[in-house]
Every structure is written in C-alpha cells, then in structure tokens.
Amino acid sequence: MIKQQLTSKNYKPFVEEIEKYFSQSDVVLQDDRNTIKEVEFNNEIFVVKSYKVPSTINSFIYTYLKKSKTWRAYEYGLKIPQFTPKVIARIENFNPRLTQSYLICEKFDADFNMQTPLFKQHPDKISILKQFAQFVFELHGNNIIHHDLSPGNVLIKKNKLGLGYQFQIIDINRMIFKVPKIKERAQNFSKLWASDEDLTTILKTYAEVANLDDKFIQMGLAYNQKNKDRKNRKLKIKKALGLC
C-alpha cells in the first residue's frame, strides 16, 4: 500500500514515479542516514529526501502508534510555509508496515548554511549571527520550537541588493508548537555547537529583541556547554568500545 499527499495534482506524475526520478538523479546533496538529491521534473528542480528504512520496531511504531518522520515533515511544512522550503508531497510505502518514504520540496537556493558563519571565515559573520538571533525570535514568536536547530539545518541566502539575509529551517520533523518558556528559548540554541563568543553574540541579540536580561545569556551558554559535554562523553564511550 502506498500513501500519498500532494499540494497540487500537477505533481501526480512525479509522485507516481518518484523511485524512478530519484534513482536517475546523480545530484546528491547528502548520503548518510538519509539520502537527499536534487531531482528535475518538468524543467524544475526539486529536493527529494529518501528516508532510511526504519528498523522493525520503528516501522511498527510509525505504522500503528506514531506519525512518521515523513508525515510530520510534510504536515509541519504546510503549517510554517514562511520558514521552510515549500513542501510538495510525501510518499510512504507500507508492506504491511512502513518501509520506504520520500519527502519532496521546492529547492531553496541557499548560499550557505549556519556552518559557514560559525566554523568558517565569513566577512559578514557578526551581522549573520545577529540576524539569525532575530530569526529564531520570530520562530518562537510564532510558537515554533525546532528541536534539531543544528548548523546544517539552517539555510541562509543573501538578499538581493545586499539587504540582509533570508533564513530557512529544514529537517523539521522534530518540532513542537507551543509558547516557549524562557528556559526553552535559551536551550534552543544548544545544538549549534557554537563557540562561547559567537553564541554570546546570538544570545545577546535575542535578549535585546525579547527584552530579557543577562541571565538569559548565561542560561544559553550553560545549555550549550552541557550539550557539548554530553556529546563528548558519548564520543569517548564509542571510542572506548571501538564503535568509531
């Protein structure tokens, strides 16, 4: 059984032959746990994400107990079209439980992602960090908390005529919609893996627009360090067990 959702019937031929279109594309954007490719249909470029086939346990959960990652990414994309590349369709194959699934989105012509200002030399770094803080404030103001706000999941495009930057979030299946508490606002920056200096710039800007005091900055720095410590502990354990 195949479940499909489309934003327009014009994409029906694309969706019906998604496996063919996906396999024929050689423009690979990511190939690890999931595979992401650029795929052409009717002279337009789309981004297609093929999700890793879930384990037996997860397949059971996503079939009977919980919405799949593909379903959530599609539905959440429809809820926040101003903050993420436009979703086009979702395709889920069941046999009888969930196996292969795809998400199709419009391509957002990003110039880079948050890895560039955080980990590389970018001449407009400070401006980007400050504008990113304002972007996250806007997300929070729309009751959006992205629980995987990592550098690779924030796309950035320089606006025409040099008038600032446009930000979009991806990998949005791990989001919740609620009014964020101050603690959740501060914690939301912890997966950036930013240096204390860069994160202070971000948190200070956020605090200014949100009318928060310096305690917010210290809280955000503490969550950032806590996340780094946790990740480093897990890495040491994996190395000790010969798993990496």
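Above: the structure in question.
Residues numbered from 1 in each chain as written. Predicted model: local features only at pLDDT ≥ 70, side-chain atom pairs only at ≥ 80, totals over all residues. Heavy atoms only, no water.

### Concerning the packing of helix α6 (residues 125–141) against helix α8 (residues 196–210)
- One can describe the packing of α6 onto α8 by two numbers: an axis separation of 8 Å at closest approach and a directional angle of 45°. The pairing of α6 with α8 is recorded here as oblique in orientation. Seen along the crossing, α6 lies across α8 with a hand that is right-handed. In this structure, α6 contributes Lys125, Ile126, Leu129, Lys130, Phe132, Ala133, Gln134, Val136, Phe137 and His140 to the contact, and α8 contributes Asp198, Thr201, Ile202, Thr205, Tyr206, Val209 and Ala210.
- Class assignment for the residues of the contact of α6 with α8 results in 10 nonpolar, four polar and three charged. (Axes fitted to C-alpha atoms, helices over the stretch in contact; angles between N-to-C directions. Helix = DSSP H or I, 4+ residues; strand = E, 2+ residues; numbered from the N terminus. Parallel < 35°, antiparallel > 145°, perpendicular 65-115°, else oblique. Left-handed = near helix turned anticlockwise from the far one by under 90°. Contact = heavy atoms within 4.5 Å. Nonpolar A, V, L, I, M, F, W, Y, C, P; charged D, E, K, R; others polar.)

### Some words on the pattern of salt bridges
- Under the criterion given, the structure shown has seven salt bridges.
- Lys107 is paired through a salt bridge with Glu38; the nearest N and O atoms lie 3.0 Å apart. Residue Lys107 is found in the loop between β6 (98–106) and β7 (112–113), and its partner Glu38 is found in strand β3 (residues 35–41); the two are separated by 69 residues along the sequence.
- Among the residues examined, Lys107 registers a relative accessible area of 35% and is labelled partly exposed.
- Judged by relative accessible area, Glu38 falls into the buried class, the value being 18%. (Salt bridge = Lys/Arg side-chain N within 4 Å of Asp/Glu carboxyl O. Buried < 20%, exposed > 50% of the residue type's maximum accessible area, 1.4 Å probe, protein only.)

### With respect to the sheet that holds strand β10 (residues 165–169)
- Taken together, the three strands give an open sheet; going across it, the order is β7-β9-β10, and neighbouring strands pair in antiparallel fashion. One side of each edge strand has no neighbouring strand; the edge strands of this open sheet are β7 and β10.
- This element, α6, spans β7, β9 (154–158) and β10 of the sheet and lies at about 50° to β10. (Pairing = 2+ DSSP bridges.)

### A word on the pairing of β3
- With six of its seven residues buried, β3 lies for the most part within the structure.
- In terms of strand pairing, strand β2 (residues 27–31) meets β3 through four bridges, oriented antiparallel. Counted as the bridge partner of Asp31 is Thr35 from β3.
- Remark: three residues form the turn of the hairpin made by β2 and β3, two consecutive strands paired antiparallel.

### Topic: the packing of aromatic side chains
- Throughout the structure, instances matching the rule amount to 16 aromatic pairs.
- Geometrically, the ring pair formed by Phe14 and Phe46 is tilted, given 5.4 Å between the ring centres and 45° between the ring planes. A residue pair is termed long-range when its members are at least 10 positions apart, and Phe14 in helix α1 (residues 12–16) and Phe46 in strand β4 (residues 44–51) qualify at 32 residues.
- On the accessibility criterion, Phe46 (0% relative accessible area) is buried.
- Here a set of aromatic residues connected by ring pairs shows up, and it is made of Phe83, Phe132, Phe135, Phe137, Phe167, Phe189, Tyr206 and Phe216.
- Here Lys3 stacks its cationic end above the ring of Phe94, 5.0 Å away from the centre of that ring. (Phe/Tyr/Trp six-rings, centres within 6.5 Å; stacked < 30°, edge-to-face > 60°. Lys NZ or Arg CZ within 6 Å of the ring centre and 35° of its normal.)

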